2 protein chains.
Amino acid sequence: MNVGEVAALAGVTVRTLHHYDRIGLLRPSGRTSAGYRRYAPADLDRLHQVLLYRELGFPLEEVAALLDDPSADPAEHLRRQHRLLRDRLERTQAMVAAVEKEMEARDMGIDLTPEERFEVFGEHDPERYEAEVRERWGETDAHAESKRRTAAYAKEDWLRIKAEGEDLEARFAAALADGAPADSERAMDLAEEHRQHIGRNFYDCPPEMHAGLGRMYVEDERFTAHYERIAPGLARYVGTAVEANAARQG
Amino acid sequence: MNVGEVAALAGVTVRTLHHYDRIGLLRPSGRTSAGYRRYAPADLDRLHQVLLYRELGFPLEEVAALLDDPSADPAEHLRRQHRLLRDRLERTQAMVAAVEKEMEARDMGIDLTPEERFEVFGEHDPERYEAEVRERWGETDAHAESKRRTAAYAKEDWLRIKAEGEDLEARFAAALADGAPADSERAMDLAEEHRQHIGRNFYDCPPEMHAGLGRMYVEDERFTAHYERIAPGLARYVGTAVEANAARQG
DNA sequence: GTGCGGCCTGACGTCGCGTCAGGGTCAAGC
DNA sequence: GCTTGACCCTGACGCGACGTCAGGCCGCAC
């Protein structure tokens, strides 16, 4: 294979392969008489390793050192890559959770502290992760146009969403006042409504994720305070109902 | 707060904040009489948004455009960030799965095709080069290549791991031959041994992940073929045993 | 008043490529 | 055999997002 084909296969540019050749990171194992680079299967293997380590944030020089280390066999690379990927997975999960928490906080008018918001960034030191940009904006005009429209919707929607949320909270409080147990059908149905409320207005929220939110309502004092202001004991009541509903679904 | 404190809080360098000031991405809302930058809470909020979008791979110029768009409210940013983070989560999970698959493949002497390995990297057209690649270095060639490398790296550990794996497979085959059901204690115990074999030699493999591997044995024809060569029906047998064991643990 | 750490503004360096410019190569079709 | 257009080559410069000095000003403790 020559450069163009390898580039297309691996999803990189020809220039990138030139660069890797120049710096000695990946030299094609042959050249034609006219000087064309010719890549063999083993070169593709190496390229694959390079791209994995690159994606994991290693500088190219370090990638070369790792791959040229004669005392490291392929299995060791796989183990290391696996470990790093799982670290990254955890970190991304933490960030997703943080964003969800902030959405909930906004919905309830709670303020998070700056330290708390930066928390998820702080531990992020050992390796740099680079994310690929999936989203590409098209024409600026069309984009601005759509933005303006969605913004118009957003205002109305926001009020509706908030009203819905408050309505739900009121019905939770009523159920509590009526003495309906937190794991009763009535309470679980309200929890399910809450879950679908989130799904419709914010993000897809499967039962398991919803259960996580439920625990947060009990554990985070600001969310607890929000519910307690409506009715004493409501935080734990909602939390229990949400978990019971999640168990019923699973 | 002045630069150093903000930098420490957010986990960036002072130079980065200087840079963001210079390019107009984040100007501190005040200066002391001596010219010291003074950051207000609102500046921290903005910095937080900047870092999130940066982490998601946006160039700084685009980040500025997003944040300065007057028609985009904070909730919209949160929704976008949430969506992008979940995309990333999925992608990372796919990469983890790919690495695990490759480890398993190595353990069994199966080789993956180049385009398969590059699959996770991009949105490349799978149809385009597949035929050509297969034609040029078809299965026998690539297989020989893989064998050569495995042989070159063969160490005592590797031989031991492989022997252990083959021993397990033989005992699975014996259980199948004896007519022990795939969800019998005998089969599940073997599955558990298999899980711990992976944990000792490759990576930590909780039951849930192990169940995923079990499904792969049945769904991926090369893994299926590997087991079927040992005994007919063994692929599905092992897959079922692994899933039953995972269910028993959970 | 004298350190000493923190802050300031240039200004140049680095990494991983993108992007021409100027020119050779190759297989196809006429 | 000749043209054509896609593909390849080697410089060489540019760029984004900072890192890293250099030279000098604050501010507070001792």
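About the cut-offs
Residues numbered from 1 in each chain as written. Chains lettered and ligands numbered in written order. Predicted model: local features only at pLDDT ≥ 70, side-chain atom pairs only at ≥ 80, totals over all residues. Heavy atoms only, no water. Helix = DSSP H or I, 4+ residues; strand = E, 2+ residues; numbered from the N terminus. Buried < 20%, exposed > 50% of the residue type's maximum accessible area, 1.4 Å probe, protein only. Areas by Shrake-Rupley, 256 points an atom, 1.4 Å probe, with all protein chains shown as cover. Core = buried A, V, L, I, M, F, W, Y, C linked by side-chain atoms within 4.5 Å. Contact = heavy atoms within 4.5 Å. Near = heavy atom within 4 Å. Polar contact = N/O pair within 3.5 Å; in protein donor to acceptor, adjacent residues only side chain to side chain. pLDDT = per-residue confidence, 0-100. Phe/Tyr/Trp six-rings, centres within 6.5 Å; stacked < 30°, edge-to-face > 60°. Arc of directions from axis to C-beta. Salt bridge = Lys/Arg side-chain N within 4 Å of Asp/Glu carboxyl O. Axes fitted to C-alpha atoms, helices over the stretch in contact; angles between N-to-C directions. Parallel < 35°, antiparallel > 145°, perpendicular 65-115°, else oblique. Left-handed = near helix turned anticlockwise from the far one by under 90°. Nonpolar A, V, L, I, M, F, W, Y, C, P; charged D, E, K, R; others polar.

Student: Would you mind going over the overall build of chain A with me for this structure?
Tutor: Looking only at helices and strands, chain A features eleven helices and two strands. Counting every position in chain A, which comprises 250 residues, the buried fraction comes to 48%. As displayed, chain A offers around 12900 Å² of accessible surface, 50% of which is attributable to carbon and sulfur atoms.

Student: I tried to follow the nonpolar core on my own but got confused; where do I start?
Tutor: The tendency in soluble globular proteins is for nonpolar side chains to be buried side by side. Judged by nonpolar contacts, the single largest core of 64 residues is most densely connected at L17 and L47 of chain A together with L17 and L47 of chain B. Excluding residues within four positions of it along the chain, L17 of chain B makes contact with V3, V6, A7, V12, L26, Y39 and L47 of chain B. Core analysis: the next-biggest nonpolar cluster, separate from the first, contains 20 residues, A173, A182, A235 and Y237 of chain A among them.

Student: Just to check I follow, could you spell out the protein's contact with DNA strand D for this structure?
Tutor: Around DNA strand D, a shell composed of 19 residues is seen, among which H18 and R37 of chain A together with T13, Y20 and L60 of chain B lie nearest. At 2.7 Å from a phosphate oxygen of DNA strand D is found a side-chain nitrogen or oxygen belonging to R37 of chain A. Between a phosphate oxygen of DNA strand D and a main-chain N or O atom of L60 of chain B, the distance comes to 2.8 Å.

Student: Mind showing me how you'd approach the protein's contact with DNA strand C here?
Tutor: Around DNA strand C lies a shell of 19 residues, among which T13 and Y20 of chain A together with H18, Y36 and R37 of chain B are the nearest. Backbone atoms, meaning sugar and phosphate, make up 68% of the atoms of DNA strand C lying within 4 Å of the protein. The side chain of R54 of chain A places a nitrogen or oxygen atom 3.0 Å from a phosphate oxygen of DNA strand C. Of all elements in the fold, only α2 (14-22) of chain A together with α1 (3-10) and α2 (14-22) of chain B reach the threshold of two or more residues within the surface near DNA strand C. Counting residues per element, the surface near DNA strand C draws most heavily on α2 of chain A, which supplies four residues.

Student: Honestly, the environment of A10 of chain B in this entry has me stumped. Any pointers?
Tutor: Residue and element names in this part refer to chain B. With respect to the helices, strands and loops of the structure, A10 is situated in helix α1. A relative accessible area of 1% means that A10 is categorised as buried. For the pair A10 and L47, spaced 37 residues apart in the sequence, the C-alpha separation amounts to 8.1 Å.

Student: Explanation requested: the environment of L51 of chain A in the structure shown.
Tutor: Residue and element names in this part refer to chain A. Turning to its location among the elements, L51 is positioned in helix α3 (residues 41-55). Residue L51 is classed as buried on the basis of its relative accessible area, which comes to 2%. In this structure, the C-alpha to C-alpha distance between L51 and A10, residues 41 residues apart in sequence, is 8.7 Å.

Student: Which parts of the structure should I look at to understand the confidence of the model for chain A?
Tutor: For chain A, mean pLDDT is 75; residues scoring 70 or higher make up 68% of the total. Scored below 50 in pLDDT, residues 123-155 of chain A makes 44 contacts in the model with residues more than four places away or belonging to other chains.

Student: Help me out: how do you make sense of the packing of aromatic side chains in this one?
Tutor: Aromatic rings considered in pairs are described by the distance between their centres and by the relative angle of their planes. Residues and elements named next belong to chain A. A complete count under the given rule lists two aromatic pairs over all chains for this structure. Taking 5.3 Å as the distance between ring centres and 80 degrees as the angle between the ring planes, the aromatic pair formed by Y53 and F58 counts as edge-to-face. A relative accessible area of 9% places F58 in the buried class.

Student: Can you help me understand helix α4 (residues 60-68) of chain A in this one?
Tutor: An α-helix turns once per 3.6 residues; consequently, residues spaced three or four apart project the same way. All names here are of chain A. Turning to α4, its buried residues number three or more, namely V63, A64, L66 and L67. Burial along α4 is one-sided: seen end-on, the buried residues are contained in an arc of 165 degrees. More than 90 degrees from the buried face of α4, the exposed residues found are E61 and A65. Check the buried side of α4 and you find it contacts α3 and α5 (74-108).

Student: Looking at this structure, how should I read the side chain of T92 of chain B?
Tutor: With respect to the helices and strands, T92 of chain B occurs in helix α5 (residues 74-108). Residues contacting T92 of chain B, with those up to four places away along its chain left out, are L85, R88 and L89 of chain A.

Student: Would you explain the pattern of salt bridges in this entry?
Tutor: Two side chains that carry opposite charge are able to pair once their charged atoms sit near each other. Throughout the structure, instances matching the rule amount to 13 salt bridges over all chains. Between R91 of chain A and E55 of chain B there is a salt bridge whose closest N-O contact spans 2.8 Å. One end of the pair, R91 of chain A, is in helix α5; the other, E55 of chain B, is in helix α3 (residues 41-55), on a second chain. With respect to class, R91 of chain A is no different from E55 of chain B; both count as buried. Between E55 of chain B and R88 of chain B there is a salt bridge, and its shortest N-O distance comes to 3.4 Å. Residue E55 of chain B is located in helix α3, and its partner R88 of chain B is located in helix α5; the two are separated by 33 residues in the primary sequence. As far as burial versus exposure is concerned, E55 of chain B and R88 of chain B are alike and both buried. One connected set of salt bridges, linked through shared partners, spans D21, R27, R31 and R37 of chain A.

Student: Please explain the packing of α5 of chain A against α5 of chain B as it appears in this structure.
Tutor: Where α5 of chain A contacts α5 of chain B, the two axes come as close as 9 Å, and the packing angle between them is 160 degrees. Between α5 of chain A and α5 of chain B, the angle is such that the two are roughly antiparallel. Here α5 of chain A runs over α5 of chain B; the crossing is left-handed. Looking at the contact of α5 of chain A with α5 of chain B, its residues break down into 18 nonpolar, six polar and twelve charged.

Student: How do you make sense of the packing of α3 of chain A against α4 of chain A when you look at a structure like this?
Tutor: The axes of two packed helices give the description: the angle between them and the distance between them. Residue and element names in this part refer to chain A. Contact geometry of α3 with α4 gives a least axis separation of 10 Å together with a crossing angle of 130 degrees. As the angle between them shows, α3 and α4 are arranged oblique. In the packing of α3 onto α4, the handedness of the crossing is right-handed. Of α4, the residues touching α3 (which contributes R46, Q49, V50, Y53 and R54) are L60, V63, L66, L67 and D68.

Student: Teacher, can you tell me more about the environment of D21 of chain B here?
Tutor: All names here are of chain B. Mapping D21 onto the fold places it in helix α2. Judged by its relative accessible area of 9%, D21 is buried. Sequence separation between D21 and R37 is 16 residues; the distance between their C-alpha atoms is 9.5 Å. Here D21 is in contact with L26, R27, P28, R31 and R37, once residues within four sequence places are set aside. Within the local environment of D21, its side chain forms a polar contact with the side chain of R31, the two groups lying 3.1 Å apart. Polar contacts involving the side chain of D21 include one to the side chain of R37, which spans 2.8 Å.

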